[in-house]
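Structural features, examined
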Amino acid sequence: MIYHLITTPECNLCCEYCCGKSFSEPKSKIKFESLPPLPKYSQKELDDFLKKDKIKPISIIFYGGEPLLNIPFIKETINAQIKYKTVKNFLLQTNGTLLNELDKKYVNKFHTILVSVDGGKETTNKNRGEGTHQKVTANLIEIKKNKFKGEIIARMTIEEPTNFYQDIMDLINPKDEINNFRFNSIHWQLDANMWHDYKKRNFSQWSKEYNKDVTKLADYWLGEMKKGKVLRLYPFLGIMNSLIFKTNYLLRCGSGVENFTILTNGQISVCPIMQGIKEKYVGDIKTTNPKSLKLKLSITGSCLKCDYYELCGGRCLYSNLYPAWPKSGINEICLTTKHLINEMKRIKPEIEELIKNKKINKKDFDFLKYNCCEIIP
Ligand code: SF4
Ligand code: SF4
């Protein structure tokens, strides 16, 4: 299975759609407990828990807040696991601003680094603060120079009024000559149904433009494949993988299925966003057997009757449990999901033809399952 390890709940940025929006939220009906700033369990306790997990490979995603605010814990965990050999893959989800502070000997051990960027300089800095894009891309260029061989995935959070297609192009083919890190792997996530902000937003109108951009991007993706290159655009890659290989998923992000989060107090939640929601904890590393975690919490309601459920999986367990948007807004999100899936079905025959003619390889659609890309935006 795959586990998010919260190295600290604290962060060094205050991004627009995360900390920024939290200031204008109505008083929450959800009860949050505050969590220790640093992990309160030992490496031995962690390993004893992980060793009981029979679903291999075991992977760890260092997560926060901003995980690199607790570099000693990251080093300690990697060092301990080199000794214990229980964990196969280490991943990091970071805002990228502190990557230069981790020794290359540790950076080069990551299977995947997911970096939060939302597009080019303008879009990213607007959401994350002036200078963030420059700092992050400089750090990525540096780790490549230091021979990092793993996958680097841009993790975009998108919402109106951004121009989605242009933002993706700015990551693939940056115009900026100084900060010109090129991403081959991108995942994007809609900032939708996470906050009580639907009435303040123009999602309805924007989502129509977004759908048009998804069509345009699907054509671009196919065009690149005709030249022999499969860009790792995760929402496309994940759905196409299922269409080609007939792979089955429940929830595509894996939360509550084979993906869990170990909090700093040693409690286990189904997803990193649900840190502190005590009523939904599903276990504790000291007393729980990983086997018993699976499907303690899962998608309910209208998704189970939806024709797209098999490929969509219900999109997001957190929003399914705690919907923040009215039904009409949720339906608009579902229309975007259905559109994306339909687009993949549209281009699938041409992709199969390219595979048959050996222009591209079936293997190009492989990825580490539940690698922190939720697949359904
Ligand atoms: S498209 Fe909407 S209703 Fe259908 S499974 Fe996905 S989230 Fe549920
Ligand atoms: S999609 Fe939802 S349930 Fe899954 S990891 Fe993201 S917030 Fe959690």
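A quick note: this is a predicted structure, and the numbers were derived from the prediction, not measured.

Criteria and cut-off values
For every chain, the first residue of the written sequence is number 1, and numbering continues from 1 along that sequence. Just so you know, chain letters begin at A and ligand numbers begin at 1, following the order they were written in. Given that the model is predicted, a residue must reach a pLDDT of at least 70 before its local features are reported, and side-chain atom pairs must reach 80 or more before they are shown or counted; all residues, however, enter totals for whole chains, interfaces and linings. For the side-chain quantities, the full set of heavy atoms in the structure was used; hydrogens and water were omitted. In this text, near means that some heavy atom of the residue lies within 4 Å of the molecule or strand in question. Note on definitions: the grid is 1 Å and covers protein atoms alone; a cavity is a set of points where a 1.4 Å probe fits but cannot get out; a pocket is an open set with protein on both sides within 12 Å along at least five of seven lines; lining residues have an atom within 4 Å of a point. A molecule is counted as occupying a cavity or pocket when more than half of its atoms fall within 2 Å of that pocket's grid points. Strands here mean DSSP runs of E at least two residues long; helices mean DSSP runs of H or I at least four residues long; both are numbered from the N terminus. Just so you know the grouping, Ala, Val, Leu, Ile, Met, Phe, Trp, Tyr, Cys and Pro go in nonpolar, Asp, Glu, Lys and Arg go in charged, and all remaining residues, Gly too, go in polar. Here, nonpolar core means buried Ala, Val, Leu, Ile, Met, Phe, Trp, Tyr and Cys residues that are tied together by side-chain atoms lying within 4.5 Å of each other. Under the scheme applied here, a residue whose accessible area is under 20% of the maximum for its type counts as buried, over 50% as exposed, and between as partly exposed, the area being computed with a 1.4 Å probe on protein chains only. Between two residues, a contact is recorded if the distance between any of their heavy atoms is within 4.5 Å. Grid points are joined across faces, edges and corners, and a volume is the space filled by probe spheres set on the points. For every element, the axis is a line fit to its C-alpha atoms; helices are fit only across the contacting stretch, and the angle between N-to-C directions ranges from 0 to 180 degrees. Oblique is the label for any angle not under 35 degrees, not over 145, and not in the 65 to 115 range, which are roughly parallel, roughly antiparallel and roughly perpendicular in turn. When the near helix sits turned anticlockwise from the far one by under a right angle, the crossing is termed left-handed; a clockwise turn instead gives a right-handed crossing. To count toward a patch, a residue needs a relative accessible area over 30% and no salt bridge; like charges are then connected within 9 Å, while nonpolar side chains (Val, Leu, Ile, Met, Phe, Trp, Tyr) are connected within 5 Å. In this description, accessible areas are obtained by the Shrake-Rupley approach with a 1.4 Å probe, and a residue is regarded as covered only by the protein chains that are shown. The term salt bridge refers to a pairing of a side-chain nitrogen on Lys or Arg with a carboxyl oxygen on Asp or Glu at a separation within 4 Å. Only four residue types enter the charge count, namely Lys and Arg as positive and Asp and Glu as negative; His and the chain termini do not. Lysine's charge is taken at NZ, arginine's at CZ, aspartate's at CG and glutamate's at CD. Any two strands are treated as partners once DSSP identifies two or more bridges connecting them. Think of it this way: a Phe, Tyr or Trp ring, Trp meaning its six-membered ring, pairs with another when their centres are within 6.5 Å, and the plane angle makes it stacked under 30 degrees, edge-to-face over 60, tilted otherwise.

Further remarks concern the site of ligand 1. Every residue lining ligand 1 is accounted for by C303, C306, Y309, C312, G314, R315, C334 and K338. Its atoms largely coinciding with the cavity grid, ligand 1 occupies the second largest pocket. Elements with a minimum of two residues in the shell around ligand 1: α10 (309-312) and α12 (327-356). Tallied by class, residues from the shell around ligand 1 come to five nonpolar, one polar and two charged.

Attention now moves to unusual backbone geometry. With an omega dihedral of -5 degrees, the bond running from K56 to P57 counts as a cis peptide bond. Geometrically, the link from E160 to P161 is a cis peptide bond, its omega value of 5 degrees lying close to zero. Considering the arrangement of structural elements, one finds P161 in the loop between β5 (151-158) and α7 (164-172). One non-glycine residue, K246, lies in the positive phi region at around 55 degrees. Here K246 is to be found in the loop between α9 (234-245) and β8 (259-262).

Before going further, it helps to spend a moment on the nonpolar core. Of all hydrophobic cores here, the largest spans 121 residues; its most connected members are W188, W221, I351 and F365. No other element matches the 10 residues that helix α8 (residues 203-226) contributes to this core. Look past the residues within four positions of I351 in its chain and what remains in contact with it is W221, L222, M225, M240, I244, I360 and F365.

Now for the layout of surface pockets. In this structure, the second largest pocket spans a volume of roughly 470 Å³. In this structure, the second largest pocket is lined by 22 residues; those nearest its centre are S302, C303, G314, I330 and C334. Contributing elements (two or more residues each) for the lining of the second largest pocket: α10, α11 (317-321) and α12. For the lining of the second largest pocket, the leading source of residues is α12, giving seven residues. The residue makeup of the lining of the second largest pocket, split by class, is 10 nonpolar, nine polar and three charged.

A separate point is the packing of helix α2 (residues 43-51) against helix α3 (residues 71-84). Any two packed helices are characterised by the angle at which their axes cross and by the distance between the axes. Contact pair α2 / α3: the axes reach a minimum separation of 10 Å and the direction vectors enclose 55 degrees. One finds that α2 runs oblique with respect to α3. Classified by chirality, the crossing of α3 by α2 is right-handed. Two secondary-structure elements touch here, α2 through Q43, K44, L46, D47, L50 and K51 and α3 through F73, E76, T77, A80, Q81 and Y84. Each residue belonging to the contact of α2 with α3 can be placed in one class, and the counts come to five nonpolar, three polar and four charged.

This paragraph deals with the site of ligand 2. Close to ligand 2 lie C253, S255, C271, I273, R315, C316, L317, Y318 and E374. Here the shell around ligand 2 is built from residues that sort into six nonpolar, one polar and two charged.

As a further point, take a positive patch on the surface. Side chains of K104, K144, K147 and K149 sit close together on the surface and give a patch of like positive charge. Positionally, K149 belongs in the loop between α6 (132-145) and β5. Residue classification places K149 among the exposed positions, given a relative accessible area of 70%.

The 10 strands lie next to each other as β7-β6-β5-β4-β3-β2-β1-β8-β9-β10, forming an open sheet whose pairing is mixed. Lying at the two open borders of the sheet, with one neighbouring strand each, are β7 (232-233) and β10 (283-284). Both strand β4 (residues 112-116) and β5 contribute to a ladder of five bridges, which runs parallel. Bridging across to β5, S116 finds its partner in R155.

The subject of this paragraph is the packing of α7 against α8. Two numbers describe how α7 lies on α8: the axes approach to 8 Å, and their chain directions differ by 35 degrees. Facing α7, whose interface residues are F164, Y165, I168, M169 and I172, α8 presents Y210, D213, V214, K216, L217 and Y220. A class-by-class count of the residues in the contact of α7 with α8 yields nine nonpolar, no polar and two charged.

Quick look at the pattern of salt bridges now. The full count for this structure, using the stated rule, is 20 salt bridges. Between K294 and E258 there is a salt bridge; the shortest N-O distance is 3.7 Å. Here the residue K294 occupies a position in the loop between β10 and α10, and E258 occupies one in the loop between α9 and β8, the gap between them amounting to 36 residues. Residue K294 is classed as partly exposed on the basis of its relative accessible area of 37%. One salt bridge in this structure joins E352 and K348, with 3.6 Å as the shortest N-O distance. One end of the pair is E352 and the other is K348, both in helix α12 and four residues apart, which spans about a single turn. Among the residues examined, E352 registers a relative accessible area of 34% and is labelled partly exposed.

Glancing now at α7. α7 sits mainly inside the fold: eight of its nine residues count as buried. Regarding α7, the residues found buried are F164, Y165, D167, I168, M169, D170, L171 and I172.

To continue, consider the packing of aromatic side chains. On inspection of all chains with the given rule, the structure shows 17 aromatic pairs. Centre to centre, the rings of Y234 and F367 are 5.6 Å apart; their planes meet at 85 degrees, and the pair counts as edge-to-face. In this pair, Y234 sits in helix α9 while F367 sits in the segment after α12, placing the two residues 133 residues apart along the sequence. For the pair formed by Y234 and F367, the shared burial category is buried. Ring centres of Y249 and Y370 lie 5.9 Å apart, and the angle between their planes is 90 degrees; on these two criteria the pair is classed as edge-to-face. Here Y370 lies in the segment after α12 and Y249 lies in the loop between α9 and β8, a separation of 121 residues in the sequence.

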